[in-house]
Every structure is written in structure tokens, then in C-alpha cells.
Amino acid sequence: MNRLDNRERANILRMICEGMGVNAACRVTGASKNTVLKLLADVGNASAEYLDKNIRALNSKRVECDEVWSFCYAKQKNVAAAKDAPEGAGDVWTWTALDADTKLIVSYLVGGRDAEYALAFMDDLRSRIDTRVQLTTDGHKAYLMAVEEAFGGDVDYAQLVKMYGNNPENMKGKYSPAECTGIRKTVISGDPDMKSVSTSYVERSNLTMRMHNRRFTRLTNGFSKKLENHLHAISLFVINYNYCKIHKSLRITPAMAAGLTDHVWELEEVISLLAKDERPKKRGTYKKRISN
């Protein structure tokens, strides 16, 4: 099969970034599934490397953190009975940190939801910011020790906890979230501005991740079957969100607002991150990345 040119490859990536699944992209473009998955792996690796090197020395003032649930191969409760379940099967959480002013996804991490991942996530976030920041998270207990160990006293940190009521009788058994009945803001350290304590922006960006990534779409069979491909898809989403997608309220991309670039990227520019004569080195699994 002839090698795809950059226009054809960008067209495939554009479909994936707009919520189309791999099989659907193959049907529309005529490319083989192996070709699409190899392209996703190569661009995902190159995107992760670029994001890691270039999102540094930020002057962020307000950062919000949250986690997005998904699963690989099978839901956690079904892994034990699943046939030939691979390593990494089960629940997968994507930790994201968003700059509330520039809407830049500053850091992301894929893995579990325990204290080990919380600390790795906060250590990575701390390494990318040069200023004292106001940090807001939800009430997940793993954040408490992680923020203290990563930032020490050099952070204004508050938690925002949402309280939910019970589902009405006529909604029980249906796929519907419980009604939010109120919020509670708690100062954990420093002197945060309570008016700015919020997780609304990061929750909205996580909604965009869920809507623009077929692997996150609930009640379908588009979920990831391999953890590596899940990682590649998220890396592709993040670079597209930060550098290519114009934010509606900013009217520029988050990367432009953060001063990381001076123009809107096209996906062809993302593809150009690939070496011409050398395939990017394969990154380790998410468990290995934690220990680095």
C-alpha cells in the first residue's frame, strides 16, 4: 500500500479528534485499520513528547484539577471473568489540570485513582509552573497529601465538594446523574480567593474530552481495547485541544493565550512532529511512566 501523504493523514486524525471511532475512520477514508492505528500510535507518541518538553515555565495564577473515568477492555467489575484480559484492563482514570485563565491543559496523567497517581500528577504539575498558584480540586482525599508533598507551603489550595441528592423515584434504574443540591468550599492551605475557587472550567474541558473522543462515549463498544492506544488517543486530544482548537471565549487557542505559540496549528503541523526518517521511540506503559 502506498504511503499516505500528510493531507490524508491529517484527515484521518481530524475524524478521530471530532469523535469518530477508528473503524468509522477506516470506512470513510478507505485506509486499513492497521494504518490508522499505526498513525495514531506515532502521532500520539510524538504529541506526548512535544507536550512534555514545551509546556514548561508557565505563569499560571489559577489551576483546576479533576479526573475523568473510562475503561479499557472491560469494566473493572467484569475483568476477572473477561477472556484474555490484557494488562491495564479495567477502570482507567485521566487526571487533568487546567489553567482557568488560558484554558490550557497544563498536565495530564492516565492510570489509577489512588495516592500514588495523585502524587505523580501533582509532581508533574508543580514542575511546569514557575509561580505561586491558586489550586482547586474536588474532595478526593488523595489530593491532600499529594499537594502538600509536591507544593509544600507554596500554594493557595482549596477543595470544592459537590453535594448530591437522591435520584427521584421515576429516574431510578435510568442513566441519569443525581441532582447537585449544593457545594462546600474548604481552605486547605495558603490564602486562596474563595470567589475563584471553582472546578467548572476543568469539568467543561473534560466534557469536551468525552464528547470529542469515541473511547469515552458511554454505552457504546467504542471503548479502548488496549491501554497503549488509549494513551495515544488522549495525547492526540490534548495537543489538538491546546494548539489547534480555537476556544470559543478566548477566540484563540489555549497555547496562544499561554504564550506557547503565535498561531493556530493545523493537524499537518502536528504530523510534522514526526521525524522524517525515524519512527518515534515507544514510550513505556502508564505504570512505568509513573516511576520516572
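Structural data are supplied above this passage.
Read on for a plain summary of the structure. In this text the structure is predicted, and so the values were computed from the model without any measurement. For every chain, the first residue of its written sequence is number 1, and the numbers climb from 1 along that sequence. Local features are withheld for residues below a pLDDT of 70 in this predicted model, meaning they are given only at 70 or higher, and side-chain atom pairs are given and counted only at 80 or more; totals for whole chains, interfaces and linings count all residues. Note: side-chain values were computed over all heavy atoms of the structure, leaving out hydrogens and water.

## So, the pattern of salt bridges
Next, step 1: We define a salt bridge as a contact between a side-chain nitrogen of Lys or Arg and a carboxyl oxygen of Asp or Glu at a distance within 4 Å. One pass over the structure, following the stated rule, counts 11 salt bridges.
Next, step 2: Close ionic contact of Asp-101 with Arg-62 constitutes a salt bridge, the shortest N to O distance being 2.7 Å. With Asp-101 in the loop between strand 2 (90–99) and strand 3 (105–111) and Arg-62 in strand 1 (residues 62–72), this residue pair connects regions lying 39 residues apart in the sequence.
Next, step 3: On the accessibility criterion, Asp-101 (35% relative accessible area) is partly exposed. Only DSSP runs of H or I covering at least 4 residues are called helices, and only runs of E covering at least 2 are called strands; the numbering of each starts at the N terminus. Only protein chains enter the accessibility calculation, which uses a 1.4 Å probe. A residue is then buried if its area is under 20% of the maximum for its type, exposed if over 50%, and partly exposed in between.

## Observations concerning the packing of aromatic side chains
Next, step 1: Stacked, edge-to-face and tilted labels apply to pairs of Phe, Tyr and Trp rings (six-membered ring for Trp) whose centres lie within 6.5 Å, assigned for plane angles under 30 degrees, over 60, and everything in between, in that order. Following the criterion strictly, the structure yields eight aromatic pairs and no others.
Next, step 2: Between the aromatic rings of Phe-71 and Phe-223, the centroid separation amounts to 4.7 Å while the plane-to-plane angle is 35 degrees, which identifies the pairing as tilted. On the criterion of sequence distance, the pair formed by Phe-71 in strand 1 and Phe-223 in the loop between helix 6 (200–211) and helix 7 (227–244) is long-range, its members being 152 residues apart. Residue Phe-71 shares its accessibility class with Phe-223, and that shared class is buried.
Next, step 3: Between Phe-237 and Tyr-241 the ring centres are 5.7 Å apart and the planes differ by 35 degrees, which places this aromatic pair in the tilted class. Here Phe-237 and its partner Tyr-241 are both found in helix 7, four residues apart, which amounts to about one turn of the helix. We note that Phe-237, like Tyr-241, is buried.

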